[in-house]
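Below, each chain spelled out in residue letters.
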Amino acid sequence: MPANKLRALIEAHMTAYAAFGKVAHEMGSSSRDYDKASREEERVLLAVCA
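Residues numbered from 1 in each chain as written. Predicted model: local features only at pLDDT ≥ 70, side-chain atom pairs only at ≥ 80, totals over all residues. Heavy atoms only, no water.

Caption draft 1: Summary view of the overall build of the protein chain. A count of helices and strands for the protein chain gives 2 helices and 0 strands. By residue count, 4% of the 50 residues in the protein chain fall in the buried class. By element, 64% of the accessible surface of the protein chain is carried by carbon and sulfur atoms, the whole surface being about 4500 Å². (Helix = DSSP H or I, 4+ residues; strand = E, 2+ residues; numbered from the N terminus. Buried < 20%, exposed > 50% of the residue type's maximum accessible area, 1.4 Å probe, protein only. Areas by Shrake-Rupley, 256 points an atom, 1.4 Å probe, with all protein chains shown as cover.)

Caption draft 2: Layout of a nonpolar patch on the surface. Taken together, L6, L9, I10 and M14 make up a surface patch of nonpolar side chains, about 420 Å² in accessible area. Its location among the elements puts L6 in helix α1 (residues 2-26). (Patch = residues over 30% accessible without salt bridge, like charges linked within 9 Å, V, L, I, M, F, W, Y side chains within 5 Å. Salt bridge = Lys/Arg side-chain N within 4 Å of Asp/Glu carboxyl O.)

Caption draft 3: Spotlight on the environment of A37. Tracing the backbone through its elements, the reader meets A37 in helix α2 (residues 31-49). When the C-alpha atoms of A37 and G21 are compared, they prove to be 9.9 Å apart, with 16 residues separating the residues in sequence.

So, in structure tokens, the structure goes:
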């Protein structure tokens, strides 16, 4: 079912995003770096959803 596949992809994305945040924090990235990456990811997600 397509909805189940989409749900699985969203869950995988959420897991990867949480891991990204953890690594960024551990590496001492500034909040500005994290915000920039977050905005770029949001832009890509919106493009995919469109």
